[in-house]
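Commentary on secondary and tertiary structure
One letter stands for each residue in the lines below.
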Amino acid sequence: MTDLRLPLAPDLPDEQWALFLDIDGTLLEHAAHPDAVFVGDELRQLLGGIERRLGGALAFITGRSVSAVDRLFHPLKLRVAGLYGLEHRLTPDGQVDIADAPADIAALADEIEAELGGGKVYVERKGPVLAIHTRAAPQLLARATQLVEQALTQLPPGYRVIAGNAGVELMPLEAVKGAAIRRFMETPPFAGRRPVFLGDDTSDEHGFEAINEANGISIRVKPRGPTVASYGLGDVTEAIAWLEANFGAARVS
C-alpha cells in the first residue's frame, strides 16, 4: 500500500512547491480515443484548489494541445505546456504559443490513416506531432511503429519516434517535457521552488530527468520497466489520492 504522505517533506510550506502534472494515464484513465476521456467536477475542484494554494505554481505538461486541454477541463484554465512543450501558456489567461503543422507530417498522417485508420487505430494530428493510438487494437502497434520509423528516414532531420504504452508518436526533437518544465521553472511563480512532476509514460522520462536535476520529486504512475523517477504510484486513483493528501484541502501545513 502506498504511503500517501510520502515523499513530500512536511516542513516545506506551500509557497515553496511547484507542481507539474501529465494528464492521460496520470490524472485520467486512458481511453481508446483521446476524446473519450471525462473530467469530473471533483478533479476540477481539486486542481483549482491546488492552483490557488500554490499561488499559481501548477502546470499541465502534456502531449495534448493547449486548446484540447482547455476543452477537457472547461471552465478551469491553468498554465499548460502542450504538445510536449511545443505550445506554452505561461499564465492561465495568457497568450498561447501555438505550433504549426508541417505539410510533410500532414501527408504522412494521410498515408498511415489509409493503411491503419479503417479499423480501431486512431491517427491523431497534433500540429507537428503525429500520434497513432493502438489501445483498441494492440495487435497493430508493431505495424504502426514500423510505419513511423520508416517515415522517419524520409523526413527532414529534426524528428524522433517515441514508443508509448499503447501507441507511437512522431515529434520534433525539441518536443521534450523536460525543456517545458525548465522553462516554467525560470518564470514566476515557479522560480525558486522545489518541483514535483507526476507522469506515467515514456515521454515523461525527460521530465523526470529535469525534476531530478533540480532536486525535485519525480513520480511515475503505473511504472513499467526502467524509469529515472524516484517514486512510483500504482494507478490514477492513487495519483489523485496522493495529490489530495499532499496538496489538497486535507493537508495540514
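Just above sits the structure.
Treat the numbers as computed from the prediction; the structure is a model and nothing was measured.

1. Observations regarding the packing of helix α3 (residues 103-116) against helix α4 (residues 141-152)
For the pair α3 and α4, interaxial distance at closest approach is 11 Å and the crossing angle is 155°. Taken together, the axis directions place α3 and α4 in an arrangement best described as roughly antiparallel. Two packed elements cross with a definite hand, and for α3 against α4 that hand is right-handed. In this structure, α3 uses Leu108, Ile112, Glu115 and Leu116 to contact α4, whose residues at the interface are Arg143, Ala144, Leu147, Val148 and Ala151. Tallied by class, the residues present in the contact of α3 with α4 amount to seven nonpolar, no polar and two charged.

2. Here's the deal with the side chain of Lys177
Considering the arrangement of structural elements, one finds Lys177 in helix α5 (residues 177-185). The buried category is assigned to Lys177, whose relative accessible area is 2%. A distance of 3.2 Å separates a polar atom in the side chain of Lys177 from the backbone oxygen of Ile61. Those residues in contact with Lys177 that lie beyond four places of it in its chain are Asp22, Ile61, Thr62, Gly63, Tyr84, Phe197, Ser203, Asp204, His206 and Gly207.

3. Re the pairing of strand β9 (residues 194-199)
The buried fraction of β9 is high, at five of six residues. One ladder, built from four bridges, connects β9 with strand β10 (residues 217-221); its direction is parallel. In the sheet register, Gly199 faces β10, and the bridge partner there is Arg220. On the question of chirality, the crossover connecting β9 to the parallel β10 by way of helix α6 (residues 205-213) is right-handed.

4. Points about the sheet that holds strand β6 (residues 129-133)
If you trace the four strands from one edge of the open sheet to the other, you get β5-β6-β8-β7, paired in antiparallel fashion. If you trace the sheet from one side to the other, it starts and ends with β5 (122-126) and β7 (159-163), each paired once. The average undirected angle you get between the axes of adjacent strands in this sheet is 15°. Together, β5, β6, β7 and β8 (167-172) form the strand contacts of α3, whose direction differs from that of β5 by roughly 170°.

5. Overview of α5
Of the residues making up α5, those classed as buried are Lys177, Gly178, Ala180, Ile181, Phe184 and Met185. Buried residues of α5, seen end-on, are gathered within an arc of 160° and therefore sit on one face of the element. Each element contacted by the buried residues of α5 is listed here: β1 (17-21), β2 (58-61), β3 (79-82), β4 (87-89), β9 and α6.

6. So, the nonpolar core
Core analysis: the biggest nonpolar cluster contains 48 residues, and Leu19, Phe20, Phe60, Phe73, Leu198 and Leu243 have the highest contact counts within it. Tallying contributions element by element places β1 first for this core, with five residues. By size, the runner-up hydrophobic cluster in this structure holds 18 residues, among which are Ile112, Val123, Ile132 and Val168.

7. Describing the pattern of salt bridges
Counting across every chain of the model gives 14 salt bridges. Asp22 serves as the salt-bridge partner of Lys177, at 3.0 Å between the closest nitrogen and oxygen. Placement of the pair is Lys177 in helix α5 and Asp22 in the loop between β1 and α1 (41-53), with a sequence separation of 155 residues. Of the residues examined, Asp22 reaches a relative accessible area of 5% and is grouped as buried. In this structure, the salt-bridge partner of Arg220 is Glu205, at a minimum N-O distance of 2.6 Å. Linking Arg220 in strand β10 with Glu205 in helix α6, this pair joins segments that are 15 residues apart in sequence. Via salt bridges that share partners, Asp22, Lys177 and Asp204 belong to a single interconnected network.

Cut-off values and rules
The residue numbering used here restarts from 1 in each chain and proceeds along that chain's sequence as written. Per-residue local features of the predicted model are confined to residues with pLDDT of at least 70, and side-chain atom pairs are confined, for both listing and counting, to 80 or more; whole-chain, interface and lining totals are unaffected and use all residues. Only hydrogens and water are set aside; all other atoms, that is, all heavy atoms of the structure, feed into the side-chain values. Fitted lines through C-alpha atoms serve as axes, helices being fitted only where they are in contact, and the angles separating the N-to-C directions of these axes extend from 0 to 180 degrees. Note on conventions: DSSP H or I runs of at least 4 residues are helices, E runs of at least 2 residues are strands, and numbering of each starts at the N terminus. The scheme is simple: roughly parallel for angles under 35 degrees, roughly antiparallel for over 145, roughly perpendicular for 65 to 115, oblique for anything else. Should the near helix be turned anticlockwise from the far one by less than a right angle, the crossing is termed left-handed; should it be turned clockwise, right-handed. Here, residues are in contact when the closest pair of their heavy atoms is within 4.5 Å. Following the grouping adopted for this structure description, the nonpolar residues are Ala, Val, Leu, Ile, Met, Phe, Trp, Tyr, Cys and Pro, the charged ones are Asp, Glu, Lys and Arg, and the polar ones are all others, Gly among them. Exposure categories follow from relative accessible area, calculated using a 1.4 Å probe and restricted to protein chains: below 20% of the type maximum is buried, above 50% is exposed, and the middle band is partly exposed. Pairs of N or O atoms within 3.5 Å make up the polar contacts considered here, provided that, within protein, one atom can donate a hydrogen while the other can accept it, and that residues adjacent in sequence are counted only when both atoms are side-chain atoms. The pairing criterion is simple: DSSP has to find at least two bridges between the two strands. Seen with its strands pointing away from the viewer, a crossover is right-handed if its path from the first strand over the helix to the second goes clockwise. The directions considered for the arc run from the helix axis to the C-beta atoms. What makes a nonpolar core is a set of buried Ala, Val, Leu, Ile, Met, Phe, Trp, Tyr and Cys residues whose side-chain atoms join them at distances within 4.5 Å. Only one rule defines a salt bridge in this text: a Lys or Arg side-chain nitrogen within 4 Å of an Asp or Glu carboxyl oxygen.

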